[in-house]
Amino acid sequence: MPRGSKEKYTAEQKRKAEHIEKSYEKKGVSENEAEARAWATVNKQSGGGERSGGSGKEKPAAAKKTDRKESARRAAKTREGHPRTSKASHGTQTVDSLMKEARAKNIPGRSKMRKQELVEALRKAG
């Protein structure tokens with residue numbers, strides 16, 4: 001069962017937690033576990049209950065809009081199957097994503113490679 005008071009949560013957060021909890025219960029999760037998971041999900045999505053004050057790190061609306069558009073543009077390019085424009089981005093990817101790319105390019109010995117080795121092999125493969 002989740003600990004602490006839920007007074008600081010907004011009505012929307014409470015509704016969301018209730019909806020998530022019902023969904024878990026339909027899947028056969030116990031009532032206590034479902035409630036705990038629901039509140040954990042709400043906390044992860046919104047950062048917890050409404051708090052007075054604030055972090056002071058709020059982005060201006062224009063910056064949020066620009067970021068949303070850029071993110072949508074990148075997602076659309078990915079869905080269309082366009083290749084990356086920069087090979088330097090290999091270093092910032094996770095090992096899983098590098099492994100998928102190596103599998104797609106059929107690079108031999110990829111399962112035993114470390115991250116740096118995968119990056120080098122992908123760069124050589126072009």
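In this report, we go over the structure that sits alongside the text. (Residues numbered from 1 in each chain as written. Predicted model: local features only at pLDDT ≥ 70, side-chain atom pairs only at ≥ 80, totals over all residues. Heavy atoms only, no water.)

## Some words on the overall build of the protein chain
Argument step 1. Scanning the protein chain for helices and strands turns up five helices and zero strands.
Argument step 2. Scanning the protein chain from its N terminus toward the C terminus, one meets helices and strands in the order α-α-α-α-α.
Argument step 3. Of all 126 residues assigned to the protein chain, the portion counted as buried reaches 21%.
Argument step 4. Residue pairs in contact within the protein chain that sit at least 24 positions apart in sequence constitute 43% of those at least 6 positions apart.
Argument step 5. Only carbon and sulfur atoms are counted for the fraction: they give 49% of the accessible area of the protein chain, which is about 10100 Å². (Helix = DSSP H or I, 4+ residues; strand = E, 2+ residues; numbered from the N terminus. Buried < 20%, exposed > 50% of the residue type's maximum accessible area, 1.4 Å probe, protein only. Contact = heavy atoms within 4.5 Å. Areas by Shrake-Rupley, 256 points an atom, 1.4 Å probe, with all protein chains shown as cover.)

## What about helix α2 (residues 31–46)?
Argument step 1. The end-to-end C-alpha separation of α2 is 23 Å, in line with the 22 Å expected for 16 residues at 1.5 Å each.
Argument step 2. Among the residues of α2, those classed as buried are Ala-34, Glu-35, Ala-38, Trp-39 and Val-42. The arc that holds the buried residues of α2, viewed along the axis, is 125 degrees, so those residues lie on one side.
Argument step 3. Here the buried face of α2 lies against α1 (11–26). (Expected span 1.5 Å × (residues − 1). Arc of directions from axis to C-beta.)

## Here's the deal with the environment of Pro-108
Argument step 1. With respect to the helices, strands and loops of the structure, Pro-108 is situated in the loop between α4 (95–104) and α5 (115–125).
Argument step 2. Sequence-wise, Pro-108 and Ala-121 are 13 residues apart; in three dimensions their C-alpha atoms are separated by 9.4 Å.

## Considering the packing of aromatic side chains
Argument step 1. This model, assessed by the stated rule, comprises one aromatic pair.
Argument step 2. Between Lys-6 and the ring centre of Trp-39, over which it is positioned, the NZ or CZ distance is 5.0 Å.
Argument step 3. Between the NZ or CZ atom of Arg-37 and the centre of the ring of Tyr-24, over which it lies, the distance is 5.1 Å. (Phe/Tyr/Trp six-rings, centres within 6.5 Å; stacked < 30°, edge-to-face > 60°. Lys NZ or Arg CZ within 6 Å of the ring centre and 35° of its normal.)

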